[in-house]
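# Structure assessment
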Amino acid sequence: MKLLILIMVVWNLITFAMMGIDKGRAKANKRRISEKTLLLSSFIMGAAGIAAGALVFHHKTRKLKFQILVPLSIIVNIVTIYALIHYNIV
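The text that follows walks through the structure, step by step, so that each part is easy to find. Keep in mind the model is a prediction, meaning the values are calculated, not measured.

Our next topic: a nonpolar patch on the surface. Taken together, the side chains of M1, I5, V9, L13, I85, Y87, I89 and V90 present a nonpolar region at the surface, about 810 Å² in accessible area. Of the residues forming the nonpolar patch, the biggest block, three residues, is contributed by helix 1 (residues 2-27). Mapping V90 onto the fold places it in the segment after helix 3 (64-86). What makes V90 partly exposed here is its relative accessible area of 40%.

Direction vectors running N to C along helix 2 (residues 35-57) and helix 3 enclose 50°, while the axes themselves pass 8 Å from each other. Put simply, helix 2 runs oblique to helix 3. For the crossing formed where helix 2 meets helix 3, the hand is right-handed. The segment helix 2 lies against helix 3, with E35, L38, L39, S42, F43, M45, G46, A47, I50 and A51 engaging K65, F66, L69, V70, L72, S73, I74, V76, N77, T80 and I81. Here the contact of helix 2 with helix 3 is built from residues that sort into 14 nonpolar, five polar and two charged.

About the cut-offs
Residues numbered from 1 in each chain as written. Predicted model: local features only at pLDDT ≥ 70, side-chain atom pairs only at ≥ 80, totals over all residues. Heavy atoms only, no water. Patch = residues over 30% accessible without salt bridge, like charges linked within 9 Å, V, L, I, M, F, W, Y side chains within 5 Å. Areas by Shrake-Rupley, 256 points an atom, 1.4 Å probe, with all protein chains shown as cover. Salt bridge = Lys/Arg side-chain N within 4 Å of Asp/Glu carboxyl O. Helix = DSSP H or I, 4+ residues; strand = E, 2+ residues; numbered from the N terminus. Buried < 20%, exposed > 50% of the residue type's maximum accessible area, 1.4 Å probe, protein only. Axes fitted to C-alpha atoms, helices over the stretch in contact; angles between N-to-C directions. Parallel < 35°, antiparallel > 145°, perpendicular 65-115°, else oblique. Left-handed = near helix turned anticlockwise from the far one by under 90°. Contact = heavy atoms within 4.5 Å. Nonpolar A, V, L, I, M, F, W, Y, C, P; charged D, E, K, R; others polar.

Below you can see the structure in the form of structure tokens.
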């Protein structure tokens, strides 16, 4: 269980950083991290990092796709964590 928590914390720090990196690249007119990659990372247990990154860096907050899919990914992440704990998978 402690290992899972550690992995999730590290992963969410990475997804948070991805949002900051993408925002920096957007400002510098450089090659970006695709929206697909950001959203996929969110659904793969990185929703907290993506959501926090969006708020802190003011990044992708106006995109309808992100307004819908990031909250959905948070719900999916919560349900997944609940299922893992409830069914003693971790």
